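Inside the fold
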Amino acid sequence: MKPSQILVLFDFDGTITSRDTLFAFAKFVSGRFQFLFGLIILLPVLIGHRLGVVSAQRAKEAFLTYYFEGFDLKGFNERCVQFASGILNKYIRPEALDSIQSYSANGAKMVIISASPENWIIPWAHRYNIEVISTRLDVQGGKLTGKLKGKNCNYEEKAVRIQQKIDLSKYSKIIAYGDSDGDKAMFALASKTYFKPFRGKS
């Protein structure tokens, strides 16, 4: 099998990383006190999401609105690059990075499929020649609105976005890595899957 025929799909949060990077990034930008205060304000929405009465998209938009609404996009992306080159590296699972480097050495095409915003994933992923399909943030007049551009990239949306961006017929082997129910639709596209492969090894 030629290396170019291998496609590897990675979930990001909880699979490549040991924690949710949306929360980590919000803490990085806002500082510990403001971050914790925000969690108290957002607690009803977060609990509602956990109980299934608030959608993931609504909960995420409430979170993004509180921490990032009105943030200048250029400045936001600069903070994303800082986060990706610094703090984010502490949360990368070593065995996940080993797998990425092994696939890269064998010429496989790698793509991260994530519900987290693409803004801080892309700077990290591009260092390893990994493409990114991820949640996108809405921007108006050069500023973040706190809303998502399109749907949250999770569950069925992961499979939809993959099929929109990638011609799967070009690959005779598709490998997928994930850690939650949100990856099941992505798994359905793969010939081999790994569930929580690096859990507890960070």
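Residues numbered from 1 in each chain as written. Predicted model: local features only at pLDDT ≥ 70, side-chain atom pairs only at ≥ 80, totals over all residues. Heavy atoms only, no water.

Details of the overall build of the protein
Summing up its helical and strand segments, the protein has eight helices and seven strands in all. Taken over the C-alpha atoms alone, the protein extends approximately 50 × 40 × 35 Å along its principal axes. Out of the 202 residues belonging to the protein, those deemed buried represent 45%. In the protein, the share of contacts with a sequence separation of at least 24, taken over all contacts with a separation of at least 6, comes to 67%. Total accessible area computed for the protein in this model is approximately 10100 Å², and 52% of it derives from carbon and sulfur atoms. (Helix = DSSP H or I, 4+ residues; strand = E, 2+ residues; numbered from the N terminus. Buried < 20%, exposed > 50% of the residue type's maximum accessible area, 1.4 Å probe, protein only. Contact = heavy atoms within 4.5 Å. Areas by Shrake-Rupley, 256 points an atom, 1.4 Å probe, with all protein chains shown as cover.)

Observations concerning helix α6 (residues 118–125)
Taken residue by residue, α6 has N119, W120, I121, W124 and A125 as its buried positions. Structurally, α6 contributes buried residues whose contacts are with α1 (21–30), α4 (73–85), α5 (94–105), β2 (109–117), β3 (131–135) and β4 (137–140).

Some remarks on the sheet that holds strand β7 (residues 192–195)
Taking strand neighbours across the sheet as the criterion, the five strands line up as β3-β2-β1-β6-β7 in an open arrangement whose pairing is parallel. Two strands bound the open sheet, and with one partner strand each, they are β3 and β7. Sheet twist, expressed as the mean angle between neighbouring strand axes with direction ignored, is 15 degrees. Looking at chain direction, strand β1 (residues 6–10) and β2 are connected through four bridges and run parallel. (Pairing = 2+ DSSP bridges. Axes fitted to C-alpha atoms, helices over the stretch in contact; angles between N-to-C directions.)

Looking at the pairing of β4
Two strands pair when backbone bridges link them, and β4 and strand β5 (residues 143–148) are joined in this way by three bridges, in the antiparallel orientation. For L137, the partnering residue across the bridge sits in β5 and is L148. Taking the residues that link successive antiparallel strands as the turn, the β4-β5 hairpin has two residues, and the phi of G141 there is positive, at about 60 degrees.

Remarks on the packing of aromatic side chains
Applying the stated criterion across every chain yields a total of 24 aromatic pairs. Judged by centre distance (4.8 Å) and plane angle (85 degrees), the rings of Y66 and Y67 are edge-to-face. When its relative accessible area of 28% is taken as the criterion, Y66 is described as partly exposed. Residue Y67 is classed as buried on the basis of its relative accessible area of 10%. (Phe/Tyr/Trp six-rings, centres within 6.5 Å; stacked < 30°, edge-to-face > 60°.)

Here we look at the state of the cysteines
The tally for this structure, following the rule as stated, stands at zero disulfides. Distance from the sulfur of C80, which forms no disulfide, to the nearest cysteine sulfur (C153) is 17 Å. C153 sits in the buried class, given a relative accessible area of 0%. (Disulfide = S-S within 2.5 Å.)

So, the pattern of salt bridges
Scanning all chains against the criterion turns up four salt bridges. The residue K158 makes a salt bridge to D11 at a minimum N-O spacing of 2.9 Å. Of this pair, K158 sits in helix α7 (residues 156–165) while D11 sits in the loop between β1 and α1, placing them 147 residues apart in sequence. Look at K158 and you get buried, because its relative accessible area is 1%. Its salt-bridge partner being K158, residue D183 comes within 2.6 Å of it at the nearest N-O pair. On the criterion of sequence distance, the pair formed by D183 in the loop between β6 (173–178) and α8 (184–187) and K158 in helix α7 is long-range, its members being 25 residues apart. With a relative accessible area of 0%, D183 lands in the buried category. Salt bridges sharing partners connect three or more residues here, namely D11, K158 and D183. (Salt bridge = Lys/Arg side-chain N within 4 Å of Asp/Glu carboxyl O.)

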